[in-house]
Amino acid sequence: MATLGPDPRPHSQLASTSIQSNISGNNVPTNRGLERALEEGANSGFFNLSARKLKEFPGTASNFDLSDTVEADLSRNRLAEVPSEVCHLVALESLNLYHNCIKTIPDTIINLQSLTSLNLSRNQLCALPACLCGLPLRVLNVSNNKLVCIPEAIGQLRSLMELDVSCNEITALPRHIGRLKALRELNVRRNLLCVLPEDLAELPLVKLDFSCNKVSTIPVSYRKMAQLQNLQLENNPLQSPPAQICMKGKVHIFKYLSIEACRSDKMPDSLYLPVMERLSLSRPDTDSGVGSDNGDKRLSATEPSDEDSLSLNVPMSHITEEEGLSKDDSSEHISTLTGTPQPTNTHFFDTTLHKANYDEPLRIEEDTHWASEQTTHKSLESVDPQFTMRRKMEQLREELELMEQLRESIESRLKVALPEDLGSSLMDGVVLCHLANHIRPRSVASIHVPSSAVPKLSMAKCRRNVENFLDACRKMGVPEDKLCLPHHILEEKGMIKVSMTVQALVDETSTKQALFT
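Figured I'd write up the structure that's included with this text.

Parameters at a glance
Residues numbered from 1 in each chain as written. Predicted model: local features only at pLDDT ≥ 70, side-chain atom pairs only at ≥ 80, totals over all residues. Heavy atoms only, no water. Helix = DSSP H or I, 4+ residues; strand = E, 2+ residues; numbered from the N terminus. Buried < 20%, exposed > 50% of the residue type's maximum accessible area, 1.4 Å probe, protein only. Contact = heavy atoms within 4.5 Å. Polar contact = N/O pair within 3.5 Å; in protein donor to acceptor, adjacent residues only side chain to side chain. Lys, Arg positive; Asp, Glu negative; His and termini not counted. Salt bridge = Lys/Arg side-chain N within 4 Å of Asp/Glu carboxyl O. 1 Å grid on protein atoms, 1.4 Å probe; cavity = no way out; pocket = protein on both sides within 12 Å on 5 of 7 lines; lining within 4 Å. Points joined across faces, edges and corners; volume = space filled by probe spheres on them. Nonpolar A, V, L, I, M, F, W, Y, C, P; charged D, E, K, R; others polar.

Attention shifts here to unusual backbone geometry. Cis geometry marks the peptide bond from S240 to P241, where omega comes out at 0°. Relative to the assigned elements, P241 resides in the loop between β9 (230–232) and α3 (243–246). Positive phi outside glycine occurs at C167, with the angle close to 60°. Summarising the element assignment, C167 is placed in the loop between β6 (162–164) and β7 (185–187).

Pasting the structure below:
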């Protein structure tokens, strides 16, 4: 057991140690864990000072060379502002300031001209400075703050792919948000939005979340969002489309918007849309009828003929209002369809129409001229339910073949054995970058690779690898329509498109080599 006694070290050594500690730590005892993290950051380019109760940037950081830092994590601390020392790390690519007490962002943040990912969520920001929009950001997260607006200068972030402003007090989105031509994901959940801007329809959005707002109408132009895969809109007082249609999903919402667009443009021919599934008729109102347009288009309750046909969920009242038929005319027309006389009594007409058409969905058969122009809109699913199952099995077989083809292309060229889970082995972009360099040396100048110290790459580095691979594909002549999107690789949600991209890369380079030889 140790006994108390005088320190065996000389007095001069103790004094010098004490002085050095006071100078380096600003009269704060040296934190060896903090110094170890800073030393590791100086060596690896990534320092992690998360959850250390820091109220300011540590003074001991001046003892280390952090000028080459590419990723910094200062989350879960007590910082009141973005440290000025961080704003001088010009090589910084990713900055995480999640869950602090930050109220202001200094103008010196404009020095970070390599910054592509910034996380300022769960702070106390009331406004975003315009200088923030002068950075080359691809990911910006400012959720869970006290923001009341987004600066108009947000349109300058031409490289921005993900924007999260959820859980704030924003009442309107800026006009220039339509200039974010690279935006793939937009999250405005839990704000005070009443109107959605029309310009969002022009963006290549894959994910849109405007749930928990005060939106009552979805613009009809949103039906043009061809790349949209994930749409979240719950907890809004939606009236157009109605709630019962919104509950059925994106396909039904877009069909409703298409029909509304046709009505507003007075283009009834546009009602002929591709059918993705059979839709049953909703129960018609008691004072509604069925009409025909001078014999050009016929309403039939029987199975479709050889002409192209489709099934639409069209309210009967709308058809009556547009065609201008009375209940008696509608009753006579139904009797011609069913082959039995129908009384003109409104109650009996409603019951008969409901019973007759619930067995077979209402079909709008097109005339021969229209069918010859619109043969691509034929829907075999409404004729033969087994066709859907056969088609799905064929698609599954094709997907498996493409995956095996992707695996073989990579393994045969790189002489490696990929794991069974092909998606997870490609999501960090390392293998794909090596494949690009194998096909054309140095097409990817730098690749972020895992190390023993950091066995798993951060999302920012994975994204950088993936984008470098896609840029290399463009330089080697792969057409844009055959290029996958970054999230297809990073989230393992589009491996078929990844396979098509790799195959196009191999085919393109093989063709050029054949031409040269």
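On to the environment of H176, then. In this structure, H176 sits in the loop between β6 and β7. By relative accessible area, which is 21% here, H176 ends up partly exposed. As for H176 and P151, which are separated by 25 residues in sequence, their C-alpha atoms are 9.2 Å apart. For H176, the residues in contact, after removing those within four places along its chain, are E152 and G155. Among the polar contacts listed, one links the side chain of H176 to the backbone oxygen of E152, at a separation of 3.5 Å.

Glancing now at the side chain of R184. Relative to the helices and strands, R184 resides in the loop between β6 and β7. Lacking a salt bridge, the buried R184 has E480 as its closest oppositely charged neighbour, with an N-O distance of 7.4 Å. Separated by 3.0 Å, the side chain of R184 and the backbone oxygen of A182 make a polar contact. With near-sequence residues (within four places) excluded, R184 lies in contact with M161, P204, L205, V206, K207 and L485.

Considered as a void within the structure, the largest pocket measures approximately 570 Å³ in volume. If you go around the largest pocket, you meet 24 residues; those closest to its centre are R184, R474, C484, L485 and P486. Of all the secondary-structure elements, those providing two or more residues to the lining of the largest pocket are α12 (459–475), α13 (486–490) and α14 (495–516). When residues in the lining of the largest pocket are grouped by element, the largest group, 4 residues, is from α12. Here the residues of the lining of the largest pocket are counted per class, giving 9 nonpolar, 5 polar and 10 charged.

What follows covers the pattern of salt bridges. Applying the stated rule across the entire model yields 8 salt bridges. E162 is the partner of R463 in a salt bridge, and the nearest nitrogen-oxygen pair spans 2.5 Å. Of the two residues, R463 is situated in helix α12 and E162 in strand β6; the sequence distance between them amounts to 301 residues. E260 is the partner of R263 in a salt bridge, and the nearest nitrogen-oxygen pair spans 2.8 Å. Of this pair, R263 and E260 both sit in helix α4 (residues 250–265), 3 residues apart, roughly one helical turn. Taken together, the shared-partner salt bridges connect D471, R474 and E480 into one network.

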